[in-house]
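# Geometric and topological summary
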Amino acid sequence: MNYLNLALVCAALCASGTLKAEEQTQWHYSLGVHDFIVEDSHTPGVNASLLIEHHTQTDILLTAAIDIYFDIDTDKLDPDHIPVWFKSDYAASGELYRVNPEFSLGWQLDLQGKRNTVSSVEKQVKLFPELTANFDGQQLQAQLKAGAGYYYLEIDDDVPKTRGYDRSDFGNSEFAYTLMGQLGIDATAELHMQVAAQTWQDDDQWLERQYRFEMSYQTDFWYPSSHLVLSAEHTQYNLDHYAKVDVNSADYLPILPWDSDTLVRLSLVIPW
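Values in this document were obtained by computation on a predicted structure and should not be read as measured data. (Residues numbered from 1 in each chain as written. Predicted model: local features only at pLDDT ≥ 70, side-chain atom pairs only at ≥ 80, totals over all residues. Heavy atoms only, no water.)

For the rest of this paragraph, the subject is the sheet that holds strand β3 (residues 61-71). The strand order around the closed barrel formed by 12 strands is β1-β2-β3-β4-β5-β6-β7-β8-β9-β10-β11-β12, and the pairing between neighbours is antiparallel. Neighbour to neighbour, the strand axes of the sheet diverge by 20° on average, direction disregarded. Bridge analysis of strand β6 (residues 121-136) against strand β7 (residues 140-155) gives 13 bridges, and the strand direction is antiparallel. Within the sheet, the bridge partner assigned to Leu-127 lies in β7 and is Tyr-150. (Pairing = 2+ DSSP bridges. Helix = DSSP H or I, 4+ residues; strand = E, 2+ residues; numbered from the N terminus. Axes fitted to C-alpha atoms, helices over the stretch in contact; angles between N-to-C directions.)

In this section: the pattern of salt bridges. What the rule picks out here adds up to 7 salt bridges. A salt bridge links Arg-265 to Asp-67; its shortest N-O distance comes to 3.6 Å. Separated by 198 residues along the polypeptide, Arg-265 in strand β12 (residues 260-271) and Asp-67 in strand β3 bring together distant segments of the chain. In this structure, the salt-bridge partner of Glu-233 is Lys-87, at a minimum N-O distance of 3.0 Å. With Glu-233 in strand β11 (residues 227-237) and Lys-87 in strand β4 (residues 84-98), this residue pair connects regions lying 146 residues apart in the sequence. An identical accessibility class is assigned to Glu-233 and Lys-87; each is buried. One network of salt bridges, with partners in common, ties together Asp-110, Glu-130 and Lys-145. (Salt bridge = Lys/Arg side-chain N within 4 Å of Asp/Glu carboxyl O. Buried < 20%, exposed > 50% of the residue type's maximum accessible area, 1.4 Å probe, protein only.)

The grouping of Val-33, Val-46, Phe-70, Leu-230, Val-264 and Leu-266 at the surface amounts to a nonpolar patch, some 440 Å² of accessible area in total. Looking at the element boundaries, Val-46 is found in strand β2 (residues 41-55). (Patch = residues over 30% accessible without salt bridge, like charges linked within 9 Å, V, L, I, M, F, W, Y side chains within 5 Å. Areas by Shrake-Rupley, 256 points an atom, 1.4 Å probe, with all protein chains shown as cover.)

This is the structure:
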(Lines give C-alpha, C1' and ligand atoms only; values in the text may rest on other atoms or scores of the structure.)
Protein backbone atom coordinates (compact mmCIF):
# COMPACT_ATOMS: atom_id res chain seq x y z
CA MET A 1 0.00 0.00 0.00
CA ASN A 2 1.47 3.36 -1.08
CA TYR A 3 0.95 5.89 1.71
CA LEU A 4 1.72 8.90 -0.50
CA ASN A 5 -0.85 7.88 -3.10
CA LEU A 6 -3.53 7.44 -0.44
CA ALA A 7 -2.73 10.85 0.97
CA LEU A 8 -2.98 12.44 -2.47
CA VAL A 9 -6.35 10.78 -3.08
CA CYS A 10 -7.74 12.20 0.17
CA ALA A 11 -6.30 15.63 -0.62
CA ALA A 12 -7.92 15.49 -4.04
CA LEU A 13 -11.28 14.76 -2.42
CA CYS A 14 -10.93 17.84 -0.26
CA ALA A 15 -9.87 19.94 -3.23
CA SER A 16 -12.80 18.76 -5.37
CA GLY A 17 -15.22 19.64 -2.56
CA THR A 18 -13.70 23.10 -2.35
CA LEU A 19 -14.34 23.75 -6.02
CA LYS A 20 -18.01 22.76 -5.76
CA ALA A 21 -18.90 24.67 -2.62
CA GLU A 22 -16.19 27.08 -1.64
CA GLU A 23 -18.37 28.84 0.92
CA GLN A 24 -18.46 25.63 2.99
CA THR A 25 -14.69 25.23 3.15
CA GLN A 26 -12.57 26.46 6.06
CA TRP A 27 -8.79 26.82 5.96
CA HIS A 28 -6.60 27.23 9.02
CA TYR A 29 -2.87 27.36 9.56
CA SER A 30 -0.85 27.25 12.76
CA LEU A 31 2.64 28.09 13.97
CA GLY A 32 4.07 26.76 17.20
CA VAL A 33 6.79 25.24 19.33
CA HIS A 34 7.10 21.66 20.57
CA ASP A 35 9.09 19.21 22.64
CA PHE A 36 9.41 15.55 21.60
CA ILE A 37 10.17 13.47 24.70
CA VAL A 38 11.64 9.95 24.64
CA GLU A 39 12.43 8.69 28.15
CA ASP A 40 14.75 11.40 29.60
CA SER A 41 15.61 12.89 26.19
CA HIS A 42 14.01 16.18 25.08
CA THR A 43 14.02 17.32 21.44
CA PRO A 44 12.52 20.84 21.11
CA GLY A 45 11.68 22.59 17.87
CA VAL A 46 9.21 24.68 15.87
CA ASN A 47 6.31 23.50 13.73
CA ALA A 48 3.69 24.59 11.21
CA SER A 49 0.36 23.07 10.16
CA LEU A 50 -2.34 23.39 7.53
CA LEU A 51 -5.93 22.27 8.24
CA ILE A 52 -8.72 22.12 5.65
CA GLU A 53 -12.36 21.34 6.56
CA HIS A 54 -15.11 21.02 3.97
CA HIS A 55 -18.79 20.10 4.18
CA THR A 56 -20.08 18.57 0.95
CA GLN A 57 -23.58 19.16 -0.40
CA THR A 58 -24.53 15.72 1.00
CA ASP A 59 -23.35 16.80 4.50
CA ILE A 60 -20.15 14.75 4.54
CA LEU A 61 -17.27 16.37 6.40
CA LEU A 62 -13.88 16.09 4.70
CA THR A 63 -10.75 17.12 6.61
CA ALA A 64 -7.05 17.21 5.84
CA ALA A 65 -4.39 18.13 8.40
CA ILE A 66 -0.69 18.27 7.51
CA ASP A 67 1.97 19.04 10.16
CA ILE A 68 5.67 19.64 9.64
CA TYR A 69 8.15 19.71 12.54
CA PHE A 70 11.65 21.18 12.59
CA ASP A 71 13.62 19.69 15.49
CA ILE A 72 16.57 21.18 17.30
CA ASP A 73 18.25 17.78 17.44
CA THR A 74 20.66 17.88 20.37
CA ASP A 75 20.29 14.31 21.69
CA LYS A 76 21.86 10.99 20.71
CA LEU A 77 18.69 8.89 20.24
CA ASP A 78 19.42 8.45 16.53
CA PRO A 79 22.86 9.72 15.45
CA ASP A 80 21.78 10.01 11.79
CA HIS A 81 18.34 11.57 12.35
CA ILE A 82 17.37 14.25 9.83
CA PRO A 83 15.66 16.84 12.08
CA VAL A 84 12.54 17.36 9.94
CA TRP A 85 9.51 15.10 10.34
CA PHE A 86 5.84 14.98 9.37
CA LYS A 87 2.39 14.02 10.60
CA SER A 88 -0.83 13.87 8.59
CA ASP A 89 -4.48 13.07 9.22
CA TYR A 90 -7.12 12.75 6.49
CA ALA A 91 -10.74 11.91 7.30
CA ALA A 92 -14.24 11.68 5.87
CA SER A 93 -17.22 11.42 8.21
CA GLY A 94 -21.00 11.49 8.07
CA GLU A 95 -24.17 10.78 10.01
CA LEU A 96 -26.03 7.47 9.85
CA TYR A 97 -28.87 8.11 12.30
CA ARG A 98 -29.83 10.93 14.65
CA VAL A 99 -31.43 9.73 17.86
CA ASN A 100 -32.13 13.22 19.23
CA PRO A 101 -30.64 16.72 18.85
CA GLU A 102 -27.66 15.77 21.04
CA PHE A 103 -26.97 12.11 20.19
CA SER A 104 -26.19 10.52 16.82
CA LEU A 105 -24.61 7.48 15.20
CA GLY A 106 -22.18 7.95 12.34
CA TRP A 107 -19.33 6.66 10.22
CA GLN A 108 -15.76 7.79 9.65
CA LEU A 109 -12.82 6.90 7.39
CA ASP A 110 -9.41 7.80 8.86
CA LEU A 111 -5.99 7.86 7.19
CA GLN A 112 -3.20 8.81 9.59
CA GLY A 113 0.54 8.86 9.11
CA LYS A 114 3.92 9.81 10.59
CA ARG A 115 7.37 10.02 8.98
CA ASN A 116 10.91 10.26 10.34
CA THR A 117 10.44 10.98 14.07
CA VAL A 118 13.41 11.20 16.42
CA SER A 119 11.97 8.20 18.31
CA SER A 120 12.86 6.06 15.23
CA VAL A 121 9.41 5.82 13.62
CA GLU A 122 10.50 5.84 9.98
CA LYS A 123 6.98 5.48 8.55
CA GLN A 124 3.54 4.80 9.97
CA VAL A 125 0.21 4.33 8.15
CA LYS A 126 -3.22 3.70 9.70
CA LEU A 127 -6.22 3.32 7.38
CA PHE A 128 -9.44 2.55 9.29
CA PRO A 129 -13.16 2.65 8.42
CA GLU A 130 -15.06 3.18 11.68
CA LEU A 131 -18.49 3.50 13.29
CA THR A 132 -19.06 6.31 15.79
CA ALA A 133 -21.45 7.20 18.60
CA ASN A 134 -21.53 10.96 19.20
CA PHE A 135 -22.88 13.20 21.97
CA ASP A 136 -22.87 16.98 21.47
CA GLY A 137 -24.33 18.84 24.42
CA GLN A 138 -24.24 22.50 25.31
CA GLN A 139 -21.02 22.17 27.31
CA LEU A 140 -20.09 18.48 27.10
CA GLN A 141 -19.08 16.45 24.02
CA ALA A 142 -18.21 12.76 23.80
CA GLN A 143 -17.43 10.18 21.12
CA LEU A 144 -16.88 6.43 20.97
CA LYS A 145 -15.29 5.05 17.80
CA ALA A 146 -14.60 1.46 16.70
CA GLY A 147 -13.22 0.12 13.44
CA ALA A 148 -11.04 -2.38 11.60
CA GLY A 149 -8.45 -1.75 8.93
CA TYR A 150 -4.78 -1.53 7.95
CA TYR A 151 -1.92 -0.81 10.38
CA TYR A 152 1.72 -0.40 9.34
CA LEU A 153 4.75 0.65 11.39
CA GLU A 154 8.31 0.79 10.08
CA ILE A 155 11.27 1.41 12.40
CA ASP A 156 14.24 3.48 11.21
CA ASP A 157 17.32 1.32 10.56
CA ASP A 158 20.03 3.23 12.48
CA VAL A 159 19.36 2.08 16.06
CA PRO A 160 18.08 -1.46 15.23
CA LYS A 161 21.28 -2.27 13.30
CA THR A 162 23.25 -1.81 16.52
CA ARG A 163 20.95 -4.41 18.15
CA GLY A 164 21.36 -7.18 15.57
CA TYR A 165 18.34 -6.44 13.35
CA ASP A 166 18.51 -6.10 9.56
CA ARG A 167 16.27 -4.42 6.98
CA SER A 168 13.84 -7.32 6.67
CA ASP A 169 12.98 -6.90 10.38
CA PHE A 170 12.02 -3.21 10.36
CA GLY A 171 8.40 -3.26 9.07
CA ASN A 172 5.25 -4.62 10.72
CA SER A 173 2.03 -4.75 8.66
CA GLU A 174 -1.22 -5.98 10.22
CA PHE A 175 -4.97 -6.21 9.78
CA ALA A 176 -6.00 -4.56 13.03
CA TYR A 177 -8.85 -3.26 15.15
CA THR A 178 -9.15 0.09 16.88
CA LEU A 179 -11.25 1.51 19.72
CA MET A 180 -11.27 5.15 20.84
CA GLY A 181 -13.01 7.16 23.55
CA GLN A 182 -13.01 10.97 23.59
CA LEU A 183 -14.46 13.53 26.01
CA GLY A 184 -14.59 17.30 25.62
CA ILE A 185 -15.86 20.10 27.82
CA ASP A 186 -16.38 23.83 27.33
CA ALA A 187 -15.01 25.03 30.66
CA THR A 188 -15.80 28.66 29.78
CA ALA A 189 -16.95 30.50 26.69
CA GLU A 190 -13.29 30.82 25.64
CA LEU A 191 -11.70 27.64 27.06
CA HIS A 192 -12.25 24.12 25.65
CA MET A 193 -10.54 20.97 27.00
CA GLN A 194 -10.48 17.49 25.49
CA VAL A 195 -9.04 14.09 26.44
CA ALA A 196 -8.92 10.91 24.35
CA ALA A 197 -7.56 7.38 24.54
CA GLN A 198 -7.18 4.97 21.61
CA THR A 199 -5.81 1.48 21.11
CA TRP A 200 -4.90 -0.59 18.04
CA GLN A 201 -4.53 -4.36 18.18
CA ASP A 202 -4.45 -7.46 15.98
CA ASP A 203 -6.04 -10.83 16.76
CA ASP A 204 -3.41 -11.73 19.37
CA GLN A 205 -2.12 -8.62 21.16
CA TRP A 206 -2.06 -4.86 21.20
CA LEU A 207 -0.01 -2.90 18.66
CA GLU A 208 -0.17 0.67 19.92
CA ARG A 209 -1.84 2.77 22.61
CA GLN A 210 -2.24 6.51 22.51
CA TYR A 211 -3.42 9.11 25.04
CA ARG A 212 -4.17 12.70 24.06
CA PHE A 213 -4.95 15.93 25.91
CA GLU A 214 -5.76 19.28 24.32
CA MET A 215 -6.64 22.68 25.74
CA SER A 216 -7.82 25.40 23.35
CA TYR A 217 -8.30 29.06 24.28
CA GLN A 218 -9.95 31.64 22.03
CA THR A 219 -7.62 34.56 21.27
CA ASP A 220 -9.89 36.96 19.38
CA PHE A 221 -8.03 39.83 21.05
CA TRP A 222 -4.99 38.83 18.93
CA TYR A 223 -6.71 37.85 15.70
CA PRO A 224 -10.40 37.14 14.86
CA SER A 225 -11.39 33.45 15.34
CA SER A 226 -7.85 32.44 16.40
CA HIS A 227 -7.04 29.86 19.10
CA LEU A 228 -4.04 29.14 21.30
CA VAL A 229 -3.76 25.34 21.61
CA LEU A 230 -1.72 23.37 24.14
CA SER A 231 -1.64 19.62 23.45
CA ALA A 232 0.13 16.49 24.66
CA GLU A 233 0.15 13.12 22.85
CA HIS A 234 1.69 10.06 24.54
CA THR A 235 2.15 6.92 22.42
CA GLN A 236 3.18 3.43 23.52
CA TYR A 237 4.36 0.82 20.98
CA ASN A 238 4.43 -2.96 21.38
CA LEU A 239 7.89 -3.95 20.08
CA ASP A 240 7.34 -7.69 20.61
CA HIS A 241 6.03 -7.93 17.03
CA TYR A 242 9.60 -7.35 15.79
CA ALA A 243 11.18 -10.07 17.97
CA LYS A 244 13.62 -12.42 16.20
CA VAL A 245 13.61 -14.87 19.15
CA ASP A 246 11.07 -15.72 21.84
CA VAL A 247 10.39 -12.59 23.92
CA ASN A 248 10.83 -14.63 27.11
CA SER A 249 14.28 -15.79 26.04
CA ALA A 250 17.38 -14.44 27.75
CA ASP A 251 18.70 -13.60 24.26
CA TYR A 252 15.76 -11.31 23.41
CA LEU A 253 16.76 -7.72 22.70
CA PRO A 254 13.97 -5.33 21.61
CA ILE A 255 14.41 -3.58 18.27
CA LEU A 256 14.60 -0.24 20.17
CA PRO A 257 15.80 0.59 23.69
CA TRP A 258 12.57 2.59 24.28
CA ASP A 259 8.90 1.81 23.55
CA SER A 260 7.09 5.15 23.92
CA ASP A 261 7.27 8.84 23.03
CA THR A 262 5.44 12.03 24.02
CA LEU A 263 4.81 15.10 21.88
CA VAL A 264 4.01 18.36 23.71
CA ARG A 265 2.98 21.24 21.48
CA LEU A 266 1.90 24.89 21.83
CA SER A 267 0.43 26.47 18.69
CA LEU A 268 -1.49 29.52 17.54
CA VAL A 269 -4.23 28.49 15.08
CA ILE A 270 -5.39 31.18 12.67
CA PRO A 271 -8.12 31.06 9.98
CA TRP A 272 -6.93 31.65 6.45
